[in-house]
Amino acid sequence: MRRVREVLVRVGDGGLTGDVSVPSGAAGVVLFAHGSGSSRHSPRNVAVGRALNARGLGTMLVDLLTADEEARDEVTAELRFDIGMLAERLAAIVDWMGADPELGRLPIGLFGASTGAAAALVAAAARPERVGAVVSRGGRPDLAGSSLASVRAPTLLLVGGLDEQVIVLNEQARDALGKVAELRIVPGATHLFEEPGTLEQVADQAGDWFVTHLRQPHPA
């Protein structure tokens, strides 16, 4: 039976709520960075998270904005695109995970969607000794800017075959990331991977990537 533990990560004057699920004998734990305007309840990320749990990987789906910030962002939409702030939040959560009795013993992977992929890559560059692998789903890794050159974690970029503009941006990011990155196209998929079977392909490929790379040492 899948067990979910709700946690609160303190940031500033508020807190970030997360849902943690760690199967017995987990090989690692994957922290999710959702895209703009989304939350830990994103149905696509929840579905991928369940698939990763079935593969023996722990997951942490977390809100990257506090309740007050979410209310403000619904009006202004200003915080959801603040990659620097979101990356700082992810790095702080990675630090929190390292001190958690259940998660601290596990290698950490990052799964980012849309703008969350950029924040995940900036956080991976900031915590090379803690982040062992990154997967981007329909992401905007190009928004990570100069941080891409500092990423040491093996990075898988997954893009829908019909998401032509984002393919180009991911090709540019792959070149900036260098040898740590691999770009894969999911045929017949649009940006949100809503087509039948496409999200399942994302979950399968992400699961393979994390199981492979979170078991291996990586250079810091």
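As shown above, the structure is provided for reference.
Quick caveat, the model's predicted, so the values are computed rather than measured.

J.: Provide a residue-level description of the side chain of Thr198, including the pertinent values.
T.: Along the polypeptide, Thr198 turns up in helix α6 (residues 198–213). Thr198 gets classed as buried once you look at its relative accessible area, which sits at 2%. At 3.1 Å, the side chain of Thr198 forms a polar contact with the backbone oxygen of Phe193. Excluding residues within four positions of it along the chain, Thr198 makes contact with Val186, Pro187, Gly188, Ala189 and Phe193.

J.: Would you mind going over the sheet that holds strand β8 (residues 181–186) in detail, with residue names and values included?
T.: Across a sheet, strands are paired by hydrogen bonds formed along the backbone, either parallel or antiparallel in direction. In spatial order, the strands read β1-β2-β4-β3-β5-β6-β7-β8; together these eight strands make up an open sheet with mixed pairing. The sheet is open, and its two borders are formed by β1 (5–11) and β8, each paired with just one other strand. Each neighbouring strand pair of the sheet contributes to a mean axis angle of 20°, computed without reference to strand direction. Looking at chain direction, strand β6 (residues 131–137) and strand β7 (residues 155–160) are connected through four bridges and run parallel. Following the sheet pairing, Ser136 is matched in β7 by Leu157. Sitting on the sheet, helix α1 (residues 43–54) touches β2 (14–21), β3 (29–33), β4 (58–62), β5 (108–113) and β6, and the angle it makes with β4 is about 165°.

The rules behind these values
Residues numbered from 1 in each chain as written. Predicted model: local features only at pLDDT ≥ 70, side-chain atom pairs only at ≥ 80, totals over all residues. Heavy atoms only, no water. Helix = DSSP H or I, 4+ residues; strand = E, 2+ residues; numbered from the N terminus. Buried < 20%, exposed > 50% of the residue type's maximum accessible area, 1.4 Å probe, protein only. Polar contact = N/O pair within 3.5 Å; in protein donor to acceptor, adjacent residues only side chain to side chain. Contact = heavy atoms within 4.5 Å. Pairing = 2+ DSSP bridges. Axes fitted to C-alpha atoms, helices over the stretch in contact; angles between N-to-C directions.

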